[in-house]
Amino acid sequence: MPAIPRREFLKNAANTAAAASLLSATAFELHANPLGLPIGCQTWPVRDGISKDFPGTIKQLAAAGFQNIELCSPVGYNDSGFGSLAKYKGSELRNMLNDWGVSCFSSHFGIDELRKDQAGRIAWAQDLGLKQMIVPSLGGPKNPTLDDVKHAADEYNKMGENAAKAGIQQGLHNEGFELSQVNGKRTYDLLIELLDPKLVKFQFQISTISEGYDAAEYFMKYPGRFFSMHVQGWSAPTKKIVAVGQDTLDWKKIFTAAKTGGVNNYFVEMNFDLMKASVPYLRNLQV
């Protein structure tokens, strides 16, 4: 092997040291993030930006420190800013997002679009590379009967089975119908009991603490039933959503309980300024 000139040797050594430093910093950042998970964000709060300037909006999210994004279906959310994405194939979206520095393995879908054409929506999800298809609500009545809840659960179990055959995990959020009650019992708890643990996982909306739904309590009460959560900071004195770390929630407790719940991804969901302000805290939170 020929001798390497001293100047070149020193240059190579400096480059190697810089690369090692970068890898070390990256490893530390990933370790410091709660649960060692990349920081994700739900794109609903920036839907106007997605409608007007999709590339610029995604690049802005990446620059803010978000490594994963969760989309909303351009079919089910056609009138909410996401309809503009329908012109792209799923594979085209995936390649663009990767080029812009983010990954996407999760998206929200309306229950009605799955009722109309679940097979078509699964095909789109597969093309995009999704691993999670989440419905924000099963859309039942405001004052359901037990039969209403059972019917909704039976229907969604079948949808979960169809998704599982395609290698996708079907999930359920908690909004509207899920926050109702039946004979003094929470509809959400009934659904957790009625939905098949193998076919349907849950994505917990942290901000429902405002209505008495405590994330840590649910994660501990129903181990293994959750796979995701939407993260919002909550100030008890002002009863307002604020940046994570500037709130009154015990995030170490929440993320520790999330391990038991089965959570393996999370998405910050607030207005952009609050989401951006939450990143430094999450980067430094160790659980």
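Fair warning: this is a prediction, and the values are worked out from it, not measured in the lab.

A.B. asks: Mind laying out the pairing of strand β4 (residues 132-135), listing which residues take part and the relevant values?
C.D. replies: Because side chains alternate across β4, one face comprises the buried residues Gln132 and Ile134, and the other comprises Met133 and Val135, equally buried. The sheet contact formed by strand β3 (residues 103-108) and β4 spans 3 bridges and is parallel. In the sheet register, Ser107 faces β4, and the bridge partner there is Met133. In the classification by handedness, the crossover that spans β3, the intervening helix α5 (residues 111-128) and the parallel β4 is right-handed. Judged from the 4 bridges that link them, β4 and strand β5 (residues 169-172) form a sheet pairing that is parallel. Across the sheet, residue Gln132 finds its bridge partner in β5, namely Gln169. Read from β4 through helix α6 (residues 146-165) to β5, the crossover connection turns out right-handed.

A.B. asks: How would you summarise the pattern of salt bridges if you had to cite specific residues and measurements?
C.D. replies: In total, this model carries 5 salt bridges according to the counting rule given. Of the charged contacts, one joins Glu113 and Arg121 as a salt bridge, the two residues approaching to 2.8 Å between their closest N and O atoms. The two residues Glu113 and Arg121 agree in class, both being buried. With a closest N to O distance of 3.5 Å, Lys221 and Asp189 form a salt bridge. A residue pair is termed long-range when its members are at least 10 positions apart, and Lys221 in helix α8 (residues 215-221) and Asp189 in helix α7 (residues 187-194) qualify at 32 residues. Its relative accessible area of 7% is what places Asp189 among the buried residues.

A.B. asks: Please give an account of the sheet that holds strand β8 (residues 200-205) that cites residues and values.
C.D. replies: A barrel is described by the order of its strands in space; here 8 strands give the closed sequence β1-β2-β3-β4-β5-β8-β9-β12, paired in parallel fashion. The average undirected angle you get between the axes of adjacent strands in this sheet is 30 degrees. Inspection of the sheet shows β5 paired to β8 by 3 bridges, in the parallel sense. The partner of Gly171 across the bridge, within β8, is Lys201. Against the sheet, helix α10 (residues 272-284) makes contact with β1 (40-42) and β12 (265-268), and its axis sits at roughly 140 degrees relative to β12, the strand it touches most.

A.B. asks: With reference to specific residues and values, describe the state of the cysteines.
C.D. replies: All told, the structure shown has 0 disulfides when counted by the stated rule. Free of any disulfide, Cys72 has its nearest cysteine sulfur in Cys104, 9.8 Å distant. On the basis of relative accessible area, Cys72 is assigned to the buried category, the value being 2%.

A.B. asks: So what's going on with the pairing of strand β2 (residues 68-72)? Residues and values would help.
C.D. replies: Look at any regular strand and the pattern is simple: side chains alternate between the two faces of the sheet. Across the 5 residues of β2, 5 count as buried, placing the element largely inside the fold. A two-sided burial pattern is seen for β2, the buried positions comprising Asn68, Glu70 and Cys72 on one face and Ile69 and Leu71 on the other. With 3 bridges joining them, β1 and β2 adopt parallel strand pairing. Looking at the pairing, Cys41 lines up with Ile69 of β2. Of the crossover connections in this fold, the one passing from β2 over helix α4 (residues 90-99) to the parallel β3 is right-handed.

A.B. asks: Requested: an account of the packing of α4 against α5, with residues and values cited.
C.D. replies: Remark: α4 packs on α5, axes separated minimally by 7 Å, with the N-to-C direction vectors making an angle of 30 degrees. The angle between α4 and α5 falls in the class roughly parallel. The two elements α4 and α5 meet at a crossing, and its hand is right-handed. Within the contact between the two elements, α4 uses Gly90, Ser91, Leu93 and Arg94 and α5 uses Trp124, Gln126, Asp127 and Leu128. The residue makeup of the contact of α4 with α5, split by class, is 3 nonpolar, 3 polar and 2 charged.

A.B. asks: Any chance you could break down the nonpolar core for me, citing the residues and the numbers?
C.D. replies: Inside soluble globular proteins, nonpolar side chains tend to come together where they are buried. Within the largest apolar cluster, 80 residues are counted, with the highest numbers of intra-cluster contacts made by Phe204, Phe219, Phe226 and Met229. Apart from residues no more than four positions distant in its own chain, Met229 is found in contact with Gln203, Phe204, Ile206, Phe219, Ile254, Phe255, Ala258, Val263, Asn265, Tyr266 and Phe267.

A.B. asks: Explain the packing of α6 against α7 to me, and be specific about the residues and the numbers.
C.D. replies: It is at 10 Å that the axes of α6 and α7 come closest, and there the two elements cross at 45 degrees. One finds that α6 runs oblique with respect to α7. The two elements α6 and α7 cross, and the hand of that crossing is right-handed. Note on element contacts: α7 touches α6 through Thr187, Leu190, Leu191 and Leu194, opposite Leu146, Val149, Lys150, Ala153 and Asn157.

What counts and how
- Residue numbering note: each chain is counted from 1, following its sequence as written.
- For a predicted model such as this one, the threshold for reporting local features is a pLDDT of at least 70, and the threshold for listing and counting side-chain atom pairs is 80 or more; totals across whole chains, interfaces and linings nevertheless cover every residue.
- Only hydrogens and water are set aside; all other atoms, that is, all heavy atoms of the structure, feed into the side-chain values.
- Note on classification: 1.4 Å probe, protein chains only; a residue is buried when its accessible area is under 20% of the maximum for its type, exposed when over 50%, partly exposed between these limits.
- Secondary structure elements are defined from DSSP: runs of H or I of at least 4 residues count as helices, runs of E of at least 2 residues count as strands, and each element is numbered from the N terminus.
- By the convention used here, strands pair only if DSSP detects at least 2 bridges between them.
- With strands facing away from the observer, any crossover in which the path from the first strand over the helix to the second runs clockwise is taken as right-handed.
- We count a salt bridge whenever a side-chain nitrogen from Lys or Arg sits within 4 Å of a carboxyl oxygen from Asp or Glu.
- Angles run from 0 to 180 degrees between N-to-C directions of axes, and those axes are lines fitted to C-alpha atoms, restricted for helices to the stretch in contact.
- Here, two residues are considered to be in contact whenever any of their heavy atoms come within 4.5 Å of each other.
- Whenever a pair of cysteine sulfur atoms sits within 2.5 Å, that pair is classed as a disulfide.
- For this classification, under 35 degrees means roughly parallel, over 145 means roughly antiparallel, 65 to 115 means roughly perpendicular, and everything else is oblique.
- Crossings are classed by handedness, with left-handed meaning an anticlockwise turn of the near helix from the far one by less than a right angle and right-handed meaning a clockwise turn.
- Following the grouping adopted for this structure description, the nonpolar residues are Ala, Val, Leu, Ile, Met, Phe, Trp, Tyr, Cys and Pro, the charged ones are Asp, Glu, Lys and Arg, and the polar ones are all others, Gly among them.
- To define a nonpolar core, start from buried Ala, Val, Leu, Ile, Met, Phe, Trp, Tyr and Cys residues and group those joined through side-chain atoms within 4.5 Å.

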